[in-house]
Amino acid sequence: MLFRSKYWQFRVFYDGNQRKRTTKKTDENEAKREAKLIYAKMLQDSHSNPRKQTQPTSRSTLQVVADALWAKQEAMIAQGELHKEKNKKDQYIYERHIKPFFKDYEIKRINNHALELFKQELIKRKLALSTQKGYLELTRKLLRQAADMDHIDSVPNMPRMRTDDSSRGYFDENEYTRLWQTAKRMKDKVYEYKTAEGKVYRRTKVTWECYELIMFMRNTFIRPTDV
């Protein structure tokens, strides 16, 4: 926000109080980027300065490590090295899944066996394999941060995960021919989507672009998800 100063300023809740800082920038986008860098630096200082830092209990150390990781990633986001939603996504996974499971663990006791139990818990929840891998990868990242901060001596080995070797689905020659011929035949057809009461809430028209897109994907080997 702009006050009487010509520079953009921002407020942040930090160390139990509201703090106001100037970005010394007049451009709004540059100011937002600078604000993120300043905030990340404030968080890093609070975790790296022994005079400001109170000694965490063994069970609260994981939260201290997580806060330090978010600060580091926030700086990387400001530099354009990570996607802007990276911290939000990681914090959600941490708060909903990782923190509740390890809340009673001393961080030095999070060993390979504890990680294996965490993996088994994820399997019990019937989460997709890719989701399980993502949660374990974030856990490993937190433990690497803990090692960097000298809270643990080394990062434990991660549990082995099943590799999905199933091949990608495809159309055989007859199916492919039927696909593009149907796209041509259904040109300009309108499909209606209705509620249980019969009310139309959406209409979709099959255009000539559908046929052209099929041809394009065939000739460029691009996948529908990439399109």
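These figures come from a predicted structure and were not determined experimentally.

(A) Just the environment of alanine 40, in detail. The topology assignment puts alanine 40 in helix α1 (residues 28-48). Each C-alpha atom, one on alanine 40 and one on glutamate 74, is 6.0 Å from the other, the two residues being 34 residues apart in sequence. Beyond its immediate stretch of four places on either side in the chain, alanine 40 contacts Ala71, Glu74 and Ala75.

(B) Focus on the confidence of the model for the chain. Residues of the chain with pLDDT of at least 70 account for 85%, and the chain-wide mean is 84. Scored below 50 in pLDDT, residues 49-56 makes six contacts in the model with residues more than four places away or belonging to other chains.

(C) Quick peek at the pattern of salt bridges. Enumeration according to the criterion identifies eleven salt bridges in this entry. Here lysine 99 ties to glutamate 95 by a salt bridge, and the two come within 3.7 Å at their closest N and O atoms. Note that lysine 99 and glutamate 95 are positioned in helix α3 (residues 86-102) at a spacing of four residues, about one turn of the helix. Relative accessible area serves as the criterion here: at 31%, lysine 99 is assigned to the partly exposed category. Residue classification places glutamate 95 among the partly exposed residues on the basis of a relative accessible area of 40%. The salt bridge partner of glutamate 137 is arginine 140, with a shortest N-O separation of 2.4 Å. Taken together, the positions of glutamate 137 and arginine 140, both in helix α5 (residues 129-148) and three residues apart, correspond to about one turn of that helix. By sharing partners, the salt bridges in this structure join Glu137, Arg140 and Arg144 into a single network.

(D) A look at the packing of aromatic side chains. The full count for this structure, using the stated rule, is nine aromatic pairs. Ring centres 5.8 Å apart and planes at 75° place the aromatic pair tryptophan 70 and tyrosine 94 in the edge-to-face group. One end of the pair, tryptophan 70, is in helix α2 (residues 61-78); the other, tyrosine 94, is in helix α3, with 24 residues separating them in the sequence. For the ring pair phenylalanine 101 and phenylalanine 118, a centre distance of 5.1 Å and an interplane angle of 45° mean the geometry is tilted. Taken together, the residues span a long stretch of sequence, with phenylalanine 101 in helix α3 and phenylalanine 118 in helix α4 (residues 112-124) at a distance of 17 residues. Among the aromatic residues, those joined into a cluster by ring pairs are Phe101, Phe102, Tyr105 and Phe118. Against the face of tyrosine 211 rests lysine 184, its NZ or CZ located 5.6 Å from the ring centre. A cation sits over an aromatic face here: arginine 202 above tyrosine 193, 5.3 Å from the ring centre.

(E) Geometry of the packing of helix α6 (residues 173-185) against helix α7 (residues 208-220). Relative to each other, α6 and α7 sit at 150°, their axes nearing to 7 Å. With respect to α7, the axis of α6 lies roughly antiparallel. Together, Tyr176, Leu179, Trp180, Ala183 and Lys184 of α6 and Trp208, Cys210, Tyr211, Ile214, Met215 and Arg218 of α7 make up the contact between the two elements. Taken together, the residues of the contact of α6 with α7 break down into nine nonpolar, no polar and two charged.

(F) Structural view of the nonpolar core. Core analysis: the biggest nonpolar cluster contains 22 residues, and Tyr94, Ile98, Phe102, Ile107, Ile110, Phe118 and Leu142 have the highest contact counts within it. At the level of secondary structure, the elements contributing two or more residues to this core comprise α2, α3, α4 and α5. Broken down by element, the residue count for this core peaks at six residues, all from α5. Aside from chain neighbours lying at most four places away, what touches phenylalanine 118 is His97, Ile98, Phe101, Phe102, Tyr135, Leu136 and Thr139.

Parameters and conventions
- Residues numbered from 1 in each chain as written.
- Predicted model: local features only at pLDDT ≥ 70, side-chain atom pairs only at ≥ 80, totals over all residues.
- Heavy atoms only, no water.
- Helix = DSSP H or I, 4+ residues; strand = E, 2+ residues; numbered from the N terminus.
- Contact = heavy atoms within 4.5 Å.
- pLDDT = per-residue confidence, 0-100.
- Salt bridge = Lys/Arg side-chain N within 4 Å of Asp/Glu carboxyl O.
- Buried < 20%, exposed > 50% of the residue type's maximum accessible area, 1.4 Å probe, protein only.
- Phe/Tyr/Trp six-rings, centres within 6.5 Å; stacked < 30°, edge-to-face > 60°.
- Lys NZ or Arg CZ within 6 Å of the ring centre and 35° of its normal.
- Axes fitted to C-alpha atoms, helices over the stretch in contact; angles between N-to-C directions.
- Parallel < 35°, antiparallel > 145°, perpendicular 65-115°, else oblique.
- Nonpolar A, V, L, I, M, F, W, Y, C, P; charged D, E, K, R; others polar.
- Core = buried A, V, L, I, M, F, W, Y, C linked by side-chain atoms within 4.5 Å.

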